[in-house]
Amino acid sequence: MERRVSPRTKTSTPIAVSQGKTRHLARCVELSQTGLLAIMPKGIRESAFEYVSARLMFDTGIAHVLLRRVRHKNELVAYLIVDIDDASQTHLTDFLFDQLHSALPKAPRAKPKPVAA
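Definitions and cut-offs
- Residues numbered from 1 in each chain as written.
- Predicted model: local features only at pLDDT ≥ 70, side-chain atom pairs only at ≥ 80, totals over all residues.
- Heavy atoms only, no water.
- Pairing = 2+ DSSP bridges.
- Helix = DSSP H or I, 4+ residues; strand = E, 2+ residues; numbered from the N terminus.
- Axes fitted to C-alpha atoms, helices over the stretch in contact; angles between N-to-C directions.
- Buried < 20%, exposed > 50% of the residue type's maximum accessible area, 1.4 Å probe, protein only.
- Contact = heavy atoms within 4.5 Å.
- Salt bridge = Lys/Arg side-chain N within 4 Å of Asp/Glu carboxyl O.
- Polar contact = N/O pair within 3.5 Å; in protein donor to acceptor, adjacent residues only side chain to side chain.
- Phe/Tyr/Trp six-rings, centres within 6.5 Å; stacked < 30°, edge-to-face > 60°.

S.K.: Report on the sheet that holds strand S1 (residues 9-19), specifying residues and quantitative values.
M.R.: In spatial order, the strands read S1-S2-S3-S6-S5-S4; together these six strands close into a barrel with antiparallel pairing. Along the sheet, successive strands turn relative to each other by an average axial angle of 45°, direction set aside. Direction of pairing for strand S5 (residues 61-73) relative to strand S6 (residues 76-84): antiparallel, over a ladder of eight bridges. Each residue of the ladder has a partner; that of Arg71, found in S6, is Ala78.

Okay, here's the thing in structure tokens:
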């Protein structure tokens, strides 16, 4: 079994998966720079082909990736990102940065100091 090398961020991102001429819509539930975990339809999960091309649909754009199935359990499938172009890598990095930034705790506001009379 392969080991994860980068932490995954929980998400709920639509993903369009193509295998040959067949296209499916799925949902990515965890995402990292090197891979993802997705809820996949039965046809993709049980396919003999372990490679699929996919499009991750972010608010800022679409990331085109080539994925290799690493593991599956029930409807969840773990994939390794095998190939990604520079523009797609930028969309992925920006999305993960925004997710990380939004998860940070808010800085406490400084209370105004009383003015001495």
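Structure's up, so let's keep going.
S.K.: So, the environment of Thr9: which residues are in play, and what are the values?
M.R.: Among the secondary structure elements, Thr9 is positioned in strand S1. For Thr9, a relative accessible area of 25% puts it in the partly exposed group. For the pair formed by Thr9 and Gln99, sequence separation is 90 residues and the distance between their alpha carbons is 7.5 Å. The contacts of Thr9, once residues within four sequence positions are left out, are Val29, Glu30, Leu31, Leu96 and Gln99.

S.K.: I'd love a proper account of the pairing of S6, names of residues and values included.
M.R.: Pairing geometry for strand S3 (residues 35-39) and S6, over five bridges, is antiparallel. Across the sheet, residue Ala38 finds its bridge partner in S6, namely Val77.

S.K.: Lay out the pattern of salt bridges with the relevant residues and their values.
M.R.: The full count for this structure, using the stated rule, is one salt bridge. A salt bridge links Lys10 to Glu30, with the shortest nitrogen-to-oxygen separation between them at 2.9 Å. On the criterion of sequence distance, the pair formed by Lys10 in strand S1 and Glu30 in strand S2 (residues 22-31) is long-range, its members being 20 residues apart. The exposure class of Lys10 is exposed, given its relative accessible area of 63%.

S.K.: Help me get a handle on the side chain of Thr13, residues and values and all.
M.R.: Along the polypeptide, Thr13 turns up in strand S1. Only 2.7 Å separates the side chain of Thr13 from the side chain of Thr11, close enough to count as a polar contact. If near-sequence neighbours (up to four positions away) are discounted, Thr13 is found in contact with Ala26, Arg27, Cys28, Met57, Phe58 and Phe95.

S.K.: Go over the packing of aromatic side chains with me, naming the residues and quoting the values.
M.R.: For any pair of aromatic rings, the description rests on two quantities: the centre-to-centre distance and the angle between the ring planes. Summed over all chains, the structure comprises one aromatic pair. Seen in terms of ring centroids, Phe58 and Phe95 are 4.4 Å apart; in terms of plane orientation they differ by 20°. Their pairing is stacked. Highlighted residues: Phe58 in strand S4 (residues 51-58) and Phe95 in helix H2 (residues 86-103), separated in sequence by 37 residues. Overall, the relative accessible area of 8% leaves Phe58 in the buried class. Judged by its relative accessible area of 13%, Phe95 is buried.

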